Amino acid sequence: MRRKTAKALANLGRLAGVAVCTLAGVTAMLWSRSPQTVEAFENRLRDALVGGVRQQWAEAKAEPDQARQRELLQRLLGRLPHVQRQDYLAEIVRDCQLRLASLAEASGNLTEAVDWMRRSVAFDDHDLATQARLGNLLCRTDSTRWQGFDLLHALAARFPANPGVVPVLAANLIDAGRAEAALALLENAHRETQSNLWTVFWDTGEDFDLHRACIVPTVHDGMLRLRFDLADAKRLRRLRFLMPCFASMALVAPRLHVEAGDQVVEIDASAPPAMNQVERRSNRLEATGHLEAWFDVVLPELPAGRCKITFAASVSPRRSRLLAMPALRPGMAALRDELVRHGRLDALQQLQQWRGTACSGLPMQCFFAEAESAFDGSRLVDAAIECANDGGLEVLFHVQKPATVLRIDLPSSVAGLEFRWSTLEVVAGGRHVVLDPRTMPLLGTHQVERRNDVFVATGDDPYFWFKAPAGDRIDSVHLRGVL
Amino acid sequence: MKRWLRSAWRWSWLVTVPASVVFASWVLTTWQRWRRFSVDYDATPWRTSLHETGVDTFDSMLWRARIRLLGSDLNAVPADQQLRSIQLFAGEPELAKLDENLPYSGFEYVEALLMYPDGLRKVQMRYRGDYLWHWGHDKKSIRIRTRSDELFAGMRQFNLIAPKFPEHVNNVASYRLASMMGLITPQCELVNVFVNGHNRGVHEFTEQFDEGTLRRHGRMPGDVYSGDLVSRDEVRGTSNQVFEMPQSWIKSPESKLPAQDSRVPLQQLLRLLNSSPNEASQAELSQLLDMDVWGRFGAFELLVQTNHYDEGHNWRLYWDPWRLKFEPLIWDPIGWAPLSRPVDGVTIAMDVVTSRLHQWLLQNGDFLQARHEALQSFFEHSTMQGFLAELEVMSSKVAHALLCDPNRRPNTAWLQFWMPRFRPYVDQVLHAVRTAHLSPGTVRWARADAQTVRLLVDGRRPVSQVSLRFERPLTEPVPAVLRVRHFGVPHDVDLGAGVSVHDNTLRVPARLFCELVPTLRFMPCQAQRHHGRTPAPATWDLCLPQLPGDNRLLGVEVVRGGTPQLAEEVAELPPRDVEFVYRATPPLRSASPRVWRGDVAIDGVHEVKDDVTIEPGTVVRLGPGACILFRGRVTAAGTREQPIRFEPQHPEQPAWGTVALNGAACSGSVLQWCDMRGGSGYKVPLEEYCSMLSIHNCEQVSVVDCAFAANAHYDDMIHTTYASVVLDRVSLVGAAGDGLDCDASTVVIRNSSFLRCRGDAVDLTTARASIHDCRFEDAGEKGLSIAENTHLVALRCRFLRCNLAVEARDGSIAHVANSDIRRGRKAVSACRKDLRYDSGGWLSVWKSVLVDNAASPTADGWSRLDLIDCQVTGELAAEYDQPNPDGTSTRLVNAARLVDADATAKPRRVDPLPFPEDLRRFEHLFAETWGSLRAETRGVPDGH
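Residues numbered from 1 in each chain as written. Chains lettered and ligands numbered in written order. Predicted model: local features only at pLDDT ≥ 70, side-chain atom pairs only at ≥ 80, totals over all residues. Heavy atoms only, no water.

Visitor: Describe the nonpolar core, and please don't skip the residues or the numbers.
Guide: With 230 residues, the main nonpolar core has Phe419(A) and Trp294(B) as its most contacted residues. At 9 residues, helix H10 (residues 291-304) of chain B tops the list of elements feeding residues into this core. When near neighbours in sequence (up to four residues on either side) are disregarded, Trp294(B) contacts Leu289(B), Trp315(B), Leu317(B), Phe326(B), Glu327(B), Pro328(B), Leu357(B), Leu361(B) and Phe367(B). Counting residues in hydrophobic clusters, the runner-up holds 79 residues, among them Val612(B), Ile771(B), Cys774(B) and Ala808(B). (Core = buried A, V, L, I, M, F, W, Y, C linked by side-chain atoms within 4.5 Å. Buried < 20%, exposed > 50% of the residue type's maximum accessible area, 1.4 Å probe, protein only. Helix = DSSP H or I, 4+ residues; strand = E, 2+ residues; numbered from the N terminus. Contact = heavy atoms within 4.5 Å.)

Have a look at this one:
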């Protein structure tokens, strides 16, 4: 090598060394003086590393064509074989697998759907919904049904009242002709201990989600009380009550008593300004078995300092509607008839309670008009089915309008369900008229048949209409019966 | 200048090359760590940013460079300041396997070697822990599993945990404090860990809970439930709250109960915790939890300011099947952690409310009383001073070790910030807790009506007694009732049995508290501390219905924490509900015992809560499976002429169940001239009695002149657990299994006979026993079985035709003297069967006769068997076959020794024998018995 070349190379090396040191110096300066720049750099770096995967995921999710979507999802999964269940990208892997299973199921390829769900469970066995779904799919194929039941039974043994597991197993048991086992499973779930841990959030205008604490209530003589002090009511504007996980209960006439300084406030909490997975029915709030049921109570302006708060409501434990849903399946109707035949009244009552619970809260409508042809969306009242403790159902429509023809719309999406309405009481102009729905003359029906004293929904929009009893003004219509 | 620049340029590589290497190393390490734990692995909630990772890496590199340059070496640390060292050796492929895809790869065991005191042994190692700090840095938390027959310091599994916090001593000091407070804790100490000879830094050497931990704390094996539902254990689709998911607790396999029943205690506890607190449910909770221990646990939580026992994780509950109580095991308390310190630097938590169990406990009078007593004991005895002195030593040692710790964490700035603040914070906590909990508070009183004194109690210190001073002397105690209103409904507790009169003063054992009102307060970054409690005055009514109307009440005095305090009289106190205290005063037991006489027929399970006196001549006839569970003191004093009999209702019926004395209230019970036959035992998921007569959890029980025979089915004829019992002139004949089984008990057995027991005549486990002047004949297994850390002195006992007369094993120490052991299959043996024990049995036989026994005395290598100045026929075998559990046998060298022994009846020495040094700890128990040893005689002296 010529001396000149060697010198040039040496200088180049020196230059590189100085460059690296300069880079190190700049890096040190950035690290010590500008963490924001480092953070921005980090974000860009992260985007460069995994942004492409997330973009591909978004595209795959948005793809309308199923075949193409399937291809995109598979391609994406192909890029992520190294991902494991606690990695950031695990959510993408899980989602892809679930979507691919859904696509396969939609196309009738249960084997492939099962395969994807198996992969999903193998990838992450700490997700109940995934495992329950795999169990459900396995149960739908003769050759794998026993595996499905094994899986679902194991899950139900470990999570005996979980609404993500128990209804799936119950539904499959019913479909497999083991309705009585399903009933026993539901009863077992009902006997499990329900959580009692409430969480109170208090809103002071900042970090609402962080201002929270858990409270065990007292229940005395049917009255639930949550009693606590807030250390400072300054800027307090609302409270959020997160009910116990999977709670199933009715809170009748809930109210809040607040004492702050010399101010005492009573607040009716039965009409929350915001709520989640809680149903409002007249003067009560119903939780139906969800994981995160909550409702808010708005507070007036309170003086700063300690404030004493008591939330009280008459509490009625309920069967969980989420658990009860399989009770509406036709197999359970057959079980009901069998229990009636054998005079097994205890089991029958349990079954009817589950069926009633499943129906409870389903919306119905009463249309009112002066003539048959005049039913329209502007003349109707809504009401929800109420379930009594004995399993009986009732619906009360407050019409308060003149009408000569009434139309009762049964809940939608209950095709095949049999309603055994026993009385229909119309209060018109203060006069009570009790009709027998089984025999009273109907003016017409739509997607509902009346046979053997039973109204059977035959489609997704079932209703019947009849002539209103004499009277200018219909005050109310009250329908009673059982399923 | 130009020349200088040229020269600088020429030699710049001397600076730039090392700097570039350092920079490249920093970039590479930072990149790898950030990529792994911030981009790939979701380390929530302990994510680190690129900036933090870079700073951390740089700090770490700097620190290591400094150590190398300064040559910091553990050898330079003064000997009294050195931590113990643990030496591990693992191949590079094994270590690489653990590190190849963290954290997933780290949880599979790999082979390694561990330095034992006597050399290297094979072990298995893996990483452990849920969160980043366990495996995300150079210092890893490690779990070691030894071979089953090569325990390390008595442990099969232990952990070397990377300390989480800058102070490093948080866990070690917390465990030490818990241990000083009598809680069950794992062994824990700070150690230096070396891997392949390289210092990996300071770690917490922590025992993994197992049966050995329980035994070491004097507890019998039972279920240990672990409640952890965070991080890797979380299950999506559930609440992940441990107190509502009994099936999600992991149960250790020690349960003797059938699998389907084994979660019943936990299910019962969780069912209770998910109901509503009231007087009945709180009483049930007091039944289910050992409130004394839970009180200490509550005090411990306060003293170390831990929030680490919460709704989601870190619970270890021990269910004692013999005491039927839950106890907490202390695990990972991370006391005084920076995370739990108040941001304002002032607010110390006076009540820890991190789970629904805490909420229940803080409304339970038994817990509040026990917690107060634990705090008082801590502050008023020398515990606090002892602890602070130890803390000082620990901190000093760790400070030295950290100077040589190449992987110390967190970074230097954090260490420098937090370490000096640690001790002042501990002092601050202790001062604040002491002030809040041991300050007297106020008590006010007023007459609510002619028969009712109303008291208003403020301050956390409980009232334990109320004294009412009247104008004139009282002649006799008057009935007293404590009335408390919950939701407007009065609840009365009859205290009449405890009322006493001293001249003009009436003393009522009323336990009263202030209320602890749930108070929600936002604490930045400390969600666990949002729920606290604020003390508020509570109103209590003391009703004295038979108080003479003309005797004026002059004043009221209360006792709080053992100190009298005058209550302040006020004109009026309005009635008020007590909302947050239940079971303030537990119901007192009736002062007059129930009397049984004549024929008493018992069917089913009969629980007797009162004290009972059974008169002479009483015949208690029990139906098939019938049981009597006594919860109070039993005085069954029969006579020779009129014995008390416990027998089947019909001669041919199936066996009856058990007669059980269970609970502290049974202490002082006496069974005299009782004849018991035809019983068996009783087992249900929550209670277990494996014998015809069961004596559990009580002190000073005497069984005298009693006869026991013809039991069936269950393990033992008499079983004692956690009890102190004297058996005098008792005969046990024909036991179906063991005759007398004593677990974790102190027993004195004298002048008694154990004949034809199919199992062991007397089986002692973790017991202290003094046995003298007894006969053991035809025992199907052992005459005396001395196991698992039992200490025994036996004198003047005759063993005849026993399969094995005396066996000592597993950490037990036994001294047998002046005894005859004849015509058995084997006379004595010492061995180790349970590998959890470091040693086998230490058995010394003094001045005894061992003749006509078929097999020679034997001892294995872990044991000691000395036959001292005994008459022994036959030679000691040099080797023998030790039977194994699987039916095979192992040839062992016989370690038994003859000292001054021969085949003659005449002793070689006649000078008095000193008290055995290895029993010095129990001299108070054994001195009298040992003092009666006759040195001039071999065998049982004449006249005995």
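After that view of the structure, there is still more to cover.
Visitor: Summarise helix H12 (residues 345-359) of chain A; cite the residues concerned and give the values.
Guide: All names here are of chain A. Its 15 residues place the ends of H12 21 Å apart at the C-alpha level, agreeing with the 21 Å of an ideal helix rising 1.5 Å per residue. The buried fraction of H12 is high, at 11 of 15 residues. Regarding H12, the residues found buried are Ala-347, Leu-348, Leu-351, Gln-352, Gln-353, Trp-354, Arg-355, Gly-356, Thr-357, Ala-358 and Cys-359. Looking one or two residues beyond H12, the residue adopting positive phi is Gly-361, at roughly 90°. (Expected span 1.5 Å × (residues − 1).)

Visitor: Before we move on, could you go through a nonpolar patch on the surface and cite the residues and values that matter?
Guide: Residues and elements named next belong to chain B. A surface patch of nonpolar side chains, amounting to about 610 Å² of accessible area, comprises Trp-11, Trp-13, Leu-14, Val-15, Val-17 and Val-21. When residues of the nonpolar patch are assigned to their parent elements, the largest contribution, 5 residues, is made by helix H2 (residues 13-40). Residue position: Leu-14 is located in helix H2. (Patch = residues over 30% accessible without salt bridge, like charges linked within 9 Å, V, L, I, M, F, W, Y side chains within 5 Å. Areas by Shrake-Rupley, 256 points an atom, 1.4 Å probe, with all protein chains shown as cover. Salt bridge = Lys/Arg side-chain N within 4 Å of Asp/Glu carboxyl O.)

Visitor: Kindly report on the packing of aromatic side chains, identifying the contributing residues and their values.
Guide: All names here are of chain B. Scanning the model with the defined rule gives 44 aromatic pairs over all chains in all. Consider the rings of Phe-152 and Phe-205, whose centres lie 6.2 Å apart with planes at 70°: the pair is edge-to-face. One end of the pair, Phe-152, is in the loop between strand S4 (142-146) and strand S5 (157-161); the other, Phe-205, is in strand S7 (residues 198-207), and 53 residues separate them in sequence. Grouping residues by exposure puts Phe-152 and Phe-205 together as buried. Members of the aromatic cluster, each reached through a chain of ring pairs, are Phe-243, Trp-249, Trp-294, Phe-297, Tyr-309 and Trp-315. (Phe/Tyr/Trp six-rings, centres within 6.5 Å; stacked < 30°, edge-to-face > 60°.)

Visitor: Which residues make up the sheet that holds strand S8 (residues 223-227) of chain B, and what values do they have?
Guide: Residue and element names in this part refer to chain B. Taken in spatial order, the 4 strands make up an open sheet running S9-S8-S10-S11, and their pairing is antiparallel. Each end of this open sheet is capped by a strand with a single partner; those strands are strand S9 (250-251) and strand S11 (325-328). Pairing between strand S10 (residues 315-320) and S11: 4 bridges, direction antiparallel. Along S11, the bridge assignment pairs Asp-320 with Lys-325. This element, H10, spans S10 and S11 of the sheet and lies at about 20° to S11. (Pairing = 2+ DSSP bridges. Axes fitted to C-alpha atoms, helices over the stretch in contact; angles between N-to-C directions.)

Visitor: Just give me the short version of unusual backbone geometry, but keep the residues and values in it.
Guide: Residue and element names in this part refer to chain B. Of note, the amide linkage connecting Thr-44 to Pro-45 takes the cis form, showing an omega dihedral of 5°. The residue Pro-45 is located in the loop between H2 and helix H3 (50-70) in this model. Even without a glycine there, the phi angle at Cys-525 is positive, about 65°. Among the secondary structure elements, Cys-525 is positioned in the loop between strand S19 (515-520) and strand S20 (531-536).

Visitor: Report on the pattern of salt bridges, specifying residues and quantitative values.
Guide: Counted under the stated rule, the structure contains 116 salt bridges over all chains. With a closest N to O distance of 2.9 Å, Asp142(A) and Arg145(A) form a salt bridge. Measuring nitrogen to oxygen at the nearest pair gives 3.3 Å for the salt bridge that ties Asp138(B) to Arg33(B). Here Asp138(B), found in the loop between helix H5 (132-135) and S4, pairs with Arg33(B), found in helix H2; they are 105 residues apart in sequence, far enough to count as distant. Taking the relative accessible area as the measure of exposure, Asp138(B) reaches 30% and is therefore partly exposed.

Visitor: Pulling in residues and values, what's your account of the sheet that holds strand S1 (residues 84-89) of chain B?
Guide: Residues and elements named next belong to chain B. The sheet built from 7 strands closes into a barrel, its strands ordered S1-S2-S3-S4-S5-S7-S6 with mixed pairing. The sheet shows a mean angle of 40° between the axes of neighbouring strands, direction not considered. The pairing of strand S3 (residues 119-127) with S4 spans 5 bridges and is antiparallel. Paired with Arg-126 across the two strands is Arg-143, which belongs to S4.

Visitor: Break down the interface of chain A and chain B for me, with residues and values.
Guide: Listed per partner, the contact involves 63 residues of chain A and 66 residues of chain B. Of the roughly 5600 Å² buried between chain A and chain B on both sides combined, carbon and sulfur atoms contribute 60%. Taken as a group, Trp31(A), Gln86(A) and Tyr88(A) account for 14% of the area that chain A buries against chain B, more than any other trio of residues on that side. Taken together, the connections running from chain A to chain B amount to 4 salt bridges. The closest approach of N and O atoms between Asp127(A) and Arg236(B), which form a salt bridge, is 3.2 Å. Counting the contacts that link chain A with chain B gives 38 residue pairs in polar contact (both at pLDDT 80 or more). Of all the elements in the fold, those that place two or more residues in the side of chain A that touches chain B are helix H1 (3-33), helix H2 (35-62), helix H7 (145-158), strand S1 (198-203), strand S2 (212-215), strand S3 (218-220) and strand S4 (223-230) of chain A. Of all the elements, H1(A) adds the most residues to the side of chain A that touches chain B, at 11 residues. Of the residues belonging to the side of chain A that touches chain B, the class tally is 34 nonpolar, 14 polar and 15 charged. (Buried area = accessible area lost by both parts, 1.4 Å probe. Polar contact = N/O pair within 3.5 Å; in protein donor to acceptor, adjacent residues only side chain to side chain. Nonpolar A, V, L, I, M, F, W, Y, C, P; charged D, E, K, R; others polar.)

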